[in-house]
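Next come the chains, spelled out residue by residue.
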Amino acid sequence: MLLWWLSLPLFAGNLSSEILHKVELEYGQPGLQRVARWERLIWDIRYHATEQQLKEVNDFFNVLRFRTDQDHWQQADYWATPVETLASNGGDCEDFAIAKYFTLRQLGVPARNMRITYVKALKINEPHMVLTYYPKQGEPLVLDILVSELLPASRRTDLLPVYSFNADGLWESKSRNEESLLGSADEIAMWRNLKQRLGMDTL
């Protein structure tokens, strides 16, 4: 299991030399380089149009290895921080969706325009998690590891929404086009735990 310092990732561009040094000690130059590329990505695309940022961030994380929590963290369920995911070169669908969410938040995309969405992946008949972006106009776009292309939600008929959340709330999906507000995302224990490890009140 990773050391406590990887649970305090401070956002890309602000990582302390101490944290970077410990990443290198734990994961070597490859781990350090992955984290450094994340920091460069933030600076390189900070003034790009939002849709281009979505594509760049989605592509950036989708090259990491998919690994189950049991295999990767020796836990049945674990939501990793972006630094944990990058340094270890892998994670599962929750880890990728979370890393994309944090990265886009740092790029200035408002939380209200994004939701981490729990779905059922119908083709593989398994639970799955994606990041969904809601533009001011038009359909939501899905950032996913199963299908790398950013597609509107109506074209992702292989995904059946179950619930979604962000810093503003937690929603239950009644159907593909209907949902109800359940309350705060802090009702999700794994989300509360992640926020505590990040040392953040709002995400």
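Keep in mind the model is a prediction, meaning the values are calculated, not measured.

*Asks:* I'd like to hear about the overall build of the protein, residue by residue, with values.
*Replies:* Of regular secondary structure, the protein possesses six helices and nine strands. Here the C-alpha coordinates of the protein stretch approximately 50 × 40 × 30 Å along the principal axes. Among the 203 residues that make up the protein, the fraction classed as buried is 48%. Across the protein, the fraction of contacts at a sequence separation of at least 24, relative to all contacts at a separation of at least 6, is 51%.

*Asks:* Tell me about unusual backbone geometry, residues and numbers included.
*Replies:* With the exception of glycine, the majority of residues adopt a negative phi angle, and the majority of peptide bonds are in the trans configuration. Of note in this structure, Gln74 is not a glycine but carries a positive phi near 60°. Looking at the element boundaries, Gln74 is found in the loop between helix H3 (69–73) and helix H4 (82–87). The backbone phi angle of Asn89 is positive, close to 60°, even though this residue is not glycine. The residue Asn89 is located in the loop between H4 and strand S2 (90–91) in this model.

*Asks:* Tell me about the pairing of strand S7 (residues 159–166), and please be specific about residues and values.
*Replies:* As paired strands, strand S3 (residues 114–121) and S7 are joined by six bridges and run antiparallel to one another. Its bridge partner lying in S7, Ile116 is registered against Phe165. Hairpin connection from S7 to strand S8 (residues 169–175): two residues lie between these consecutive antiparallel strands.

*Asks:* Before we move on, can you summarise the confidence of the model for the protein with the specific residues and values?
*Replies:* Considering every residue of the protein, the mean pLDDT works out to 89; 91% of them sit at 70 or more. Across residues 1–10, confidence stays below pLDDT 50; counting only partners more than four residues off in sequence or on other chains, it has 29 contacts.

*Asks:* Let's hear about the sheet that holds S3: which residues, and what values?
*Replies:* What the seven strands build is an open sheet, ordered S6-S5-S4-S3-S7-S8-S9; its pairing is antiparallel. If you trace the sheet from one side to the other, it starts and ends with strand S6 (151–152) and strand S9 (178–183), each paired once. The strands touched by helix H2 (residues 50–62) are strand S4 (126–133) and strand S5 (141–143); relative to S5, the strand with the most contacts, the crossing angle is about 25°. Sheet strands in contact with helix H5 (residues 93–106) are S3, S4, S5 and S7, and its direction is about 10° off that of S4.

*Asks:* Go over the pattern of salt bridges with me, naming the residues and quoting the values.
*Replies:* The final tally for this structure, using the stated rule, is eight salt bridges. With a closest N to O distance of 3.5 Å, Glu84 and Arg197 form a salt bridge. Of this pair, Glu84 sits in helix H4 while Arg197 sits in helix H6 (residues 189–198); the two residues are 113 residues apart in sequence, bridging distant segments of the chain. The buried category is assigned to Glu84, whose relative accessible area is 1%. Between Arg115 and Glu179 there is a salt bridge, with the nearest N and O atoms lying 2.8 Å from each other.

*Asks:* Tell me what's going on with the packing of helix H1 (residues 17–45) against H2, and back it up with residues and numbers.
*Replies:* Put simply, H1 and H2 touch, their axes get as near as 11 Å, and they point 175° apart. What the angle tells us is that H1 and H2 run roughly antiparallel. Between H1 and H2, the contacting residues are Arg34, Arg37, Trp38, Leu41 and Ile45 on the first element and Gln53, Glu56, Val57, Phe60 and Phe61 on the second. Of the residues belonging to the contact of H1 with H2, the class tally is six nonpolar, one polar and three charged.

*Asks:* Please set out the packing of H2 against H5 residue by residue, giving values where relevant.
*Replies:* The geometry of H2 relative to H5 is characterised by a closest axis approach of 10 Å and an angle of 140° between their N-to-C directions. As far as their axial angle goes, H5 and H2 are oblique. Crossing handedness for the pair H2 and H5: right-handed. Contacts between H2 and H5 involve Gln53, Leu54, Val57, Asn58, Phe61 and Asn62 from the first element and Phe96, Ala99, Lys100, Thr103 and Leu104 from the second.

*Asks:* Give me the lowdown on the packing of aromatic side chains, citing residues and values where you can.
*Replies:* In total, this model carries eight aromatic pairs according to the counting rule given. Between the aromatic rings of Phe60 and Phe61, the centroid separation amounts to 5.1 Å while the plane-to-plane angle is 85°, which identifies the pairing as edge-to-face. You'll find Phe60 and Phe61 in the same group, each marked buried. Three or more aromatic residues joined by ring pairs make a cluster, and in this case those are Trp79, Tyr101, Phe102, Tyr118, Tyr163, Phe165 and Trp191. The ring of Tyr134 carries Arg115 above its face, with NZ or CZ at 5.1 Å from the centroid. Arg115 extends its terminal NZ or CZ atom over the ring of Trp171, reaching a point 3.6 Å from the ring centre.

Calculation rules
Residues numbered from 1 in each chain as written. Predicted model: local features only at pLDDT ≥ 70, side-chain atom pairs only at ≥ 80, totals over all residues. Heavy atoms only, no water. Helix = DSSP H or I, 4+ residues; strand = E, 2+ residues; numbered from the N terminus. Buried < 20%, exposed > 50% of the residue type's maximum accessible area, 1.4 Å probe, protein only. Contact = heavy atoms within 4.5 Å. Pairing = 2+ DSSP bridges. pLDDT = per-residue confidence, 0-100. Axes fitted to C-alpha atoms, helices over the stretch in contact; angles between N-to-C directions. Salt bridge = Lys/Arg side-chain N within 4 Å of Asp/Glu carboxyl O. Parallel < 35°, antiparallel > 145°, perpendicular 65-115°, else oblique. Nonpolar A, V, L, I, M, F, W, Y, C, P; charged D, E, K, R; others polar. Left-handed = near helix turned anticlockwise from the far one by under 90°. Phe/Tyr/Trp six-rings, centres within 6.5 Å; stacked < 30°, edge-to-face > 60°. Lys NZ or Arg CZ within 6 Å of the ring centre and 35° of its normal.

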